[in-house]
Amino acid sequence: QVQLVESGGGLVQPGGSLRLSCAASGSIFRINAMRWYRQAPGKQRDLVAGITSAGTTNYADSVKGRFTISRDNANNTVALQMNSLKPEDTAVYYCNADIVRTYYSGTQRYWGQGTQVTVSS
């Protein structure tokens, strides 16, 4: 069994910062790409940022220059540092990861349960 557990969400004022973390646990042989998505009420779930196992990153245009994704391969974690937060960043944030469970198995995509980020004065 594999689990992704997010933490670090909360309420922050516009212009503030938050750091989200996501830890993968369970039977894991290798983790390929890891990503953060977000979903605001009534909207679709959108990609925020992604990072490969080699550390190559990509970002949605709306967060470039404000958010930074990073990962710790030794501990199977991914983080999202969010600075200069805006009310439009309010959403439930989900991490996901492409995980290989054994040497012989293929890649499966797993999702965390989500963590709420609210940006409001």
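Residues numbered from 1 in each chain as written. Predicted model: local features only at pLDDT ≥ 70, side-chain atom pairs only at ≥ 80, totals over all residues. Heavy atoms only, no water.

(A) Summary view of the overall build of the protein chain. Across its full length, the protein chain holds zero helices and 11 strands. If you list the helices and strands of the protein chain from N to C, you get β-β-β-β-β-β-β-β-β-β-β. Computed over its C-alpha atoms, the radius of gyration of the protein chain comes to 14 Å, within 12% of the 14 Å expected for a compact globule of 121 residues. Reported as C-alpha extents along the three principal axes, the dimensions of the protein chain are approximately 50 × 25 × 25 Å. (Helix = DSSP H or I, 4+ residues; strand = E, 2+ residues; numbered from the N terminus. Rg over C-alpha atoms; globule rule 2.2 N^0.38 Å.)

(B) Structural view of the state of the cysteines. According to the stated counting rule, one finds one disulfide in the structure shown. Disulfide pairing places C22 opposite C95 at an S-S distance of 1.9 Å. On the criterion of sequence distance, the pair formed by C22 in strand β3 (residues 18-26) and C95 in strand β9 (residues 91-100) is long-range, its members being 73 residues apart. No difference in accessibility class separates C22 from C95, as the two residues are buried. (Disulfide = S-S within 2.5 Å. Buried < 20%, exposed > 50% of the residue type's maximum accessible area, 1.4 Å probe, protein only.)

(C) Quick look at the pairing of strand β4 (residues 30-39). Among the 10 residues that make up β4, seven are buried, leaving the element largely enclosed by the rest of the structure. Judged from the eight bridges that link them, β4 and β9 form a sheet pairing that is antiparallel. Looking across to β9, one finds that I31 is bridged to I99. Where β4 lies against strand β5 (residues 46-51), five bridges are found, and the strand directions are antiparallel. Bridging across to β5, M34 finds its partner in I51. (Pairing = 2+ DSSP bridges.)

(D) Molecular detail of the nonpolar core. The biggest cluster of nonpolar side chains holds 28 residues, and the ones touching the most others in it are W36, L80, M82 and Y93. Secondary structure elements with two or more residues in this core: β1 (2-7), β3, β4, β5, β7 (67-72), β8 (77-82), β9 and β11 (115-119). Examining the composition of this core, we find that five residues originate from one element, β9, more than from any other. (Core = buried A, V, L, I, M, F, W, Y, C linked by side-chain atoms within 4.5 Å.)

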